[in-house]
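# Coordinate inspection notes
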Amino acid sequence: MTEVVVTHVDSYVYRQDGSDLKYLLLKRHKAKIYGHLWQGVAGQIEGGETAVQTVMRELIEETGLEPAKLFIVDHVSSFYQSYKDRMHLVPVFGVEVHSEKVVLSAEHAEYRWVSLESALELLTWSKQKEAISALNDMLLSGDERLKWSEVDLT
């Protein structure tokens, strides 16, 4: 029977640029698996970590940025791993930052701050596009989802 697990997180970092929202995309280093693909800040949950702790660790490791706000996006991504017969559910987070200065880790070769439209062109996987679109919808909706899903950073 196929196992359902949560082993990874995905997050999309954004900042206000005047009246526009800019999203941070990272280009994987060509020597890494999925080299040259664009992505948000993502990673594997390590032993004993919660999904939130993983997002915080990956954010610092991959970008050097500090979160001003962290919240759960109204979206869960998924992927199937055939060699382990596993269905992975991937919680998605939105991360607001105030700085645009990124310090890349060796995992990534390049970064860009882009509009939603550019992000949708750069991202490859449909689940990535759905996740960043769900984040954008939450940010622009004016409804209560941001307040209800915010993670306490203290």
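Values in this document were obtained by computation on a predicted structure and should not be read as measured data.

## Considerations on the overall build of the protein chain
A count of helices and strands for the protein chain gives 4 helices and 9 strands. In the protein chain, the succession of α and β elements from N to C terminus is β-β-β-β-β-α-β-β-β-α-α-α-β. Taken against the 2.2 N^0.38 rule, which gives 15 Å for 154 residues, the C-alpha radius of gyration of the protein chain at 15 Å falls within 12% of a compact globule. Along the first, second and third principal axes, the C-alpha set of the protein chain runs to 50 × 35 × 30 Å. Relative to its 154 residues, the protein chain shows a buried fraction of 44%. Roughly 8,400 Å² of accessible area belongs to the protein chain as shown, and the carbon and sulfur atoms make up 52% of that amount.

## A look at helix H1 (residues 51–63)
Two residues of an α-helix separated by three or four positions point the same way, owing to the 3.6 residues in each turn. With 13 residues, H1 should cover 18 Å at 1.5 Å per step; its first-to-last C-alpha distance of 18 Å lies within 8% of that length. What H1 keeps buried is the set Thr 54, Val 55, Arg 57, Glu 58, Leu 59, Glu 62 and Thr 63. Tucked into the core, H1 has its buried residues touching strand E2 (8–17), strand E3 (20–28), strand E5 (41–44), strand E6 (69–81), strand E7 (86–96) and strand E8 (108–114). The positive-phi residue at the C-terminal boundary of H1 is Gly 64, with phi of around 75°.

## Notes on the packing of aromatic side chains
Across all of its chains, the model carries 2 aromatic pairs by this definition. Ring centres of Tyr 14 and Tyr 23 lie 6.5 Å apart, and the angle between their planes is 50°; this geometry places the pair in the tilted category. Here Tyr 14 falls in the buried class, since its relative accessible area comes to 3%. An angle of 65° between the planes, with centres 6.3 Å apart, marks the rings of Tyr 14 and Phe 71 as edge-to-face. Remark: Phe 71 occurs in strand E6 and Tyr 14 occurs in strand E2; sequence separation between them is 57 residues.

## Regarding the side chain of Glu 62
For Glu 62, the position within the fold is in helix H1. An unpaired buried charge is present at Glu 62: no salt bridge exists, and Arg 28, the closest side chain of opposite charge, is 6.0 Å distant. Every residue in contact with Glu 62, bar those within four places of it in the chain, is listed here: Leu 26, Gly 40, Val 41, Ala 42, Val 103, Leu 104, Ser 105, Glu 107 and His 108.

## Comments concerning the confidence of the model for the protein chain
Of the residues in the protein chain, 100% reach a pLDDT of 70 or more, and the chain-wide mean stands at 94. Within the protein chain, the lowest mean pLDDT, 89, falls on strand E1 (residues 3–5), and the highest, 98, falls on helix H2 (residues 116–122).

## Looking at the environment of Ser 118
You can see Ser 118 is positioned in helix H2. Note on Ser 118: relative accessible area 29%, which makes it partly exposed. When the C-alpha positions of Ser 118 and Leu 25 are compared, they lie 9.9 Å apart, and in sequence the two are 93 residues distant.

How each quantity is defined
For every chain, the first residue of its written sequence is number 1, and the numbers climb from 1 along that sequence. Note on the predicted model: pLDDT of at least 70 is required for a residue's local features to be given, and 80 or more for side-chain atom pairs to be given and counted; whole-chain, interface and lining totals, by contrast, use all residues. To obtain the side-chain values, all non-hydrogen atoms of the structure were used and water was disregarded. Put simply, DSSP marks the helices as runs of H or I at least four residues long and the strands as runs of E at least two long, and each gets a number from the N terminus on. For the radius of gyration, the atoms used are the C-alpha atoms, and the globule rule reads 2.2 Å times the number of residues raised to 0.38. Only protein chains enter the accessibility calculation, which uses a 1.4 Å probe. A residue is then buried if its area is under 20% of the maximum for its type, exposed if over 50%, and partly exposed in between. Only the protein chains shown count as covering a residue, and every accessible area follows the Shrake-Rupley method with a 1.4 Å probe. In this scheme, a helix's expected span is set at 1.5 Å multiplied by one less than its residue total. Residues are treated as being in contact if the distance between any of their heavy atoms lies within 4.5 Å. Paired rings are identified among Phe, Tyr and Trp, the last through its six-membered ring, by centres lying within 6.5 Å, and are further divided according to the angle between planes into stacked (under 30 degrees), edge-to-face (over 60) and tilted (the rest). All tallies of charge rest on Lys and Arg as positive and Asp and Glu as negative; His and the ends of each chain are not included. Whenever a carboxyl oxygen of Asp or Glu lies within 4 Å of a side-chain nitrogen of Lys or Arg, that contact is scored as a salt bridge. One confidence number per residue, pLDDT, is output by the predictor and ranges from 0 to 100.

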